[in-house]
Amino acid sequence: MPTANPFYTMPFRNLGLDTKILRAVQDAGYTEPTPIQTAAIPPILAGHDLIGIAQTGTGKTAAFALPILTRLMAPSVLLRRRGTRVLVIAPTRELVLQIDENMRAYAKQLPLAVATVFGGVGEQPQIRALRAATDIVIACPGRLLDLMGRRCADFSALQYLVLDEADRMLDMGFLPDIRRIVQQLPKQRQTLMFCATLSREIETLTHEFQRSPKMIQIGRRSNPAETVTQLVYEVPKHLKPALLLHLLRDPQMDMVLVFSRMKHSADRIARNLESKGIKTAALHSNRSQNQRLKALKDFKSGAVRVLVATDIAARGIDVDGISHVVNYDFPMHSEDYVHRIGRTGRAHAVGDAISFVTPEDRDELRTVERFIGRGIVRKRAEGFNYSAAAPPGQLVEAERRFPQGQNHGRPQRPAHPFSPHRPGQAGHHQRSGPPRRWRR
Ligand code: AMP
């Protein structure tokens, strides 16, 4: 019977994939392809270059991995088997490891070897894997370029290049490295590029690296997954720790990813939760590779209930079953908001995204709402004491930010946390009362 979404009517077995790969997909528990898989697999199998624009958590990895593995299993290709045929480049170690994990799961019945290359760990095993011309290499650009410069890698037999999260790699300043890597690859290859948004820079890359690529766009670029329920809790800054603890009394919040803007506050949040008996780990770039891997492993296994992460470190976190994403600090960029909340509600599952919004975050919240094209429901935490006073340190902070001299001669006074008449700001405000949305 036809379903509302035509993408879901095509079963995996009709997509032309290798039977062993179909079995692996079944073992992974996938019953039907996601829209990007339905759209991307046939053109990749047909040998086209492709640019895939899809929001995070849509099943992008399988969308490129399954058809590439199928093509590698063609008898004529198997006979000619030699050297590294597939290179996947991704921005972060976490993402590389996740692609590696997925790739190994899909290729588990195939005679293909997979290796990863990224910084922050010993290079000898990576050099050995590159020298052994492992079939599939998944790499971060920095370490890969370093090892290529030292002639540790031979990509002369390369057939497939995948640039995953290409937009993020550009944001992170990897473009020069990527250009240098691609210049050293065979021109005769299939190039697949994936990104969350299409920008002019990405279009330039497309012209540089691809030949007549097919373009696939799934959903609006700023659309968070429909399976995620979004909520905003308005809260003054000093009450955020208490509000988080209060919300975590709900046993349904059993696998919670908390986002903090700064590394040190990620540590502070984690310490605070641990001190209250909530198993928590922190994930950010000041932690060693081993600490980061352990944090992710413990989160995945359920050994810790809460993972506190910064944006960059959380990039590519692919953990099924995250029940809640909490924006403890509201993101500075709307795209980060979409990426963050995409960590829950992945593939076909559902999830909640909760944002703490302080009076200082109002403008960012409005920008996000414009970006995603809808308002986000404001909620008040039941049973939570909103009237607790700010600790003295917060008043000092307010005074530091809005000193007497900028106050147009008005007396300095602490304000109600949601009043726009914050010390030193009254003269700059156009409106006479709080914005309508913030009134209760
Ligand atoms: P990705 O966008 O590649 O990071 O994938 C997001 C999550 O969706 C991963 O946990 C995948 O294992 C999962 N996934 C990928 N394809 C499917 C599918 N067809 N059905 C269910 N889950 C999937």
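As shown above, the structure is provided for reference.
Residues numbered from 1 in each chain as written. Predicted model: local features only at pLDDT ≥ 70, side-chain atom pairs only at ≥ 80, totals over all residues. Heavy atoms only, no water.

Student: Would you explain unusual backbone geometry in this entry?
Tutor: Glycine aside, a negative phi is what most residues show, and trans is what most peptide bonds show. Positive phi is not limited to glycine here, since glutamate 165 has a value of about 50°. With relative accessibility at 4%, the residue glutamate 165 sits in the buried group. Even without a glycine there, the phi angle at serine 212 is positive, about 35°. By the element assignment, serine 212 lies in the loop between helix 10 (200–209) and strand 7 (214–218). When its relative accessible area of 68% is taken as the criterion, serine 212 is described as exposed. (Buried < 20%, exposed > 50% of the residue type's maximum accessible area, 1.4 Å probe, protein only. Helix = DSSP H or I, 4+ residues; strand = E, 2+ residues; numbered from the N terminus.)

Student: What is the right way to read the pairing of strand 11 (residues 306–309) from this model?
Tutor: Where a strand is regular, its side chains alternate between the two sheet faces. Side chains Val306 and Val308 of strand 11 all project onto a buried face; the interleaved residues Leu307 and Ala309 project onto the opposite face, where all are buried too. Of the pairings in the sheet, the one linking strand 9 (residues 256–259) to strand 11 comprises 4 bridges and is parallel in character. Residue pairing in the sheet places valine 258 in a bridge with valine 308 of strand 11. Sheet analysis places strand 10 (residues 280–283) next to strand 11, joined by 4 bridges and oriented parallel. Note that in strand 11 the partner of alanine 282 across the bridge is valine 308. Crossover connection from strand 10 via helix 13 (residues 289–301) to parallel strand 11: handedness right-handed. (Pairing = 2+ DSSP bridges. Right-handed = clockwise from strand over helix to strand, strands pointing away.)

Student: Even after reading the chapter, I still don't get the site of the ligand, so can you show me in this structure?
Tutor: Lining the immediate surroundings of the ligand are 15 residues, of which Tyr30, Gln37, Gly59, Thr61 and Asp320 lie closest. In the model, an oxygen atom of the ligand is placed 2.6 Å from a nitrogen or oxygen of the tyrosine 30 side chain. In the model, a nitrogen atom of the ligand is placed 2.8 Å from a nitrogen or oxygen of the glutamate 32 main chain. Protein contacts shield 90% of the accessible area of the ligand, which totals 490 Å² for the unbound molecule. Class assignment of the residues belonging to the shell around the ligand gives a composition of 4 nonpolar, 6 polar and 5 charged. There are two domains that each give the shell around the ligand at least three residues, and those are domain 1 (3–217) and domain 2 (228–387). (Near = heavy atom within 4 Å. Polar contact = N/O pair within 3.5 Å; in protein donor to acceptor, adjacent residues only side chain to side chain. Areas by Shrake-Rupley, 256 points an atom, 1.4 Å probe, with all protein chains shown as cover. Nonpolar A, V, L, I, M, F, W, Y, C, P; charged D, E, K, R; others polar. Domains from an automatic or database assignment.)

Student: What is the right way to read the packing of helix 7 (residues 141–149) against helix 9 (residues 175–183) from this model?
Tutor: When two helices pack together, you describe them by how their axes are tilted relative to each other and by the distance separating the axes. Packing of helix 7 against helix 9 brings their axes to within 9 Å, and their N-to-C directions diverge by 40°. As far as their axial angle goes, helix 9 and helix 7 are oblique. When the axes of helix 7 and helix 9 are compared, the crossing they make is left-handed. Residue-level inspection shows Pro141, Gly142, Leu144, Leu145 and Met148 of helix 7 in contact with helix 9, the latter providing Asp177, Ile178, Arg180 and Ile181. Grouping the amino acids of the contact of helix 7 with helix 9 by side-chain chemistry returns 6 nonpolar, 1 polar and 2 charged. (Axes fitted to C-alpha atoms, helices over the stretch in contact; angles between N-to-C directions. Parallel < 35°, antiparallel > 145°, perpendicular 65-115°, else oblique. Left-handed = near helix turned anticlockwise from the far one by under 90°. Contact = heavy atoms within 4.5 Å.)

Student: Which parts of the structure should I look at to understand the environment of alanine 115?
Tutor: Turning to its location among the elements, alanine 115 is positioned in strand 3 (residues 114–117). Separated by 11 residues in the primary sequence, alanine 115 and glutamine 126 place their C-alpha atoms 7.4 Å from one another. Excluding residues within four positions of it along the chain, alanine 115 makes contact with Arg104, Ala129, Thr134, Ile136, Val137 and Ile138.

Student: Sorry if this is basic, but what is going on with the sheet that holds strand 9 here?
Tutor: Pairing between sheet strands relies on hydrogen bonds along the backbone, with the strands arranged either parallel or antiparallel. Sheet architecture is open: 7 strands sit in the order 10-11-9-12-13-8-14, paired in parallel fashion. A strand with exactly one partner marks an edge of an open sheet, and here the two such strands are strand 10 and strand 14 (377–379). Going across the sheet, the axis of each strand differs from the next one's by a mean of 25°, ignoring polarity.

Student: Explanation requested: the pairing of strand 1 (residues 50–54) in the structure shown.
Tutor: Across the 5 residues of strand 1, 5 count as buried, placing the element largely inside the fold. A two-sided burial pattern is seen for strand 1, the buried positions comprising Leu50, Gly52 and Ala54 on one face and Ile51 and Ile53 on the other. Bridge count for strand 1 against strand 6 (residues 190–195) is 4 bridges, and the pairing is parallel. Paired with glycine 52 across the strands is phenylalanine 194, a residue of strand 6.

Student: Help me out: how do you make sense of the nonpolar core in this one?
Tutor: One recurring pattern in soluble globular proteins is that nonpolar side chains are buried together. Among the nonpolar cores identified, the biggest contains 44 residues, and Phe64, Leu66, Ile68, Leu69, Met103 and Ile136 are the most heavily contacted of them. Of all the elements, helix 3 (residues 60–72) adds the most residues to this core, at 8 residues. Look past the residues within four positions of leucine 69 in its chain and what remains in contact with it is Ile21, Met103, Tyr106, Ala107, Leu110, Leu112 and Ile136. (Core = buried A, V, L, I, M, F, W, Y, C linked by side-chain atoms within 4.5 Å.)

Student: It is not clear to me how the sheet that holds strand 3 should be interpreted in this structure. Could you clarify?
Tutor: Taking strand neighbours across the sheet as the criterion, the 7 strands line up as 3-4-2-5-6-1-7 in an open arrangement whose pairing is parallel. Only two strands of the sheet have a single neighbouring strand rather than two, namely strand 3 and strand 7. Within this sheet the neighbouring strands show an average axis-to-axis angle of 15°, counted without direction. Across 5 bridges, strand 1 lies against strand 7 in parallel orientation. In the strand pairing of strand 7, isoleucine 51 is matched with methionine 215. Contacting strand 1, strand 5 (160–163) and strand 6, helix 10 runs over the sheet at an angle of about 170° to strand 6.

Geometry only, nothing functional implied.
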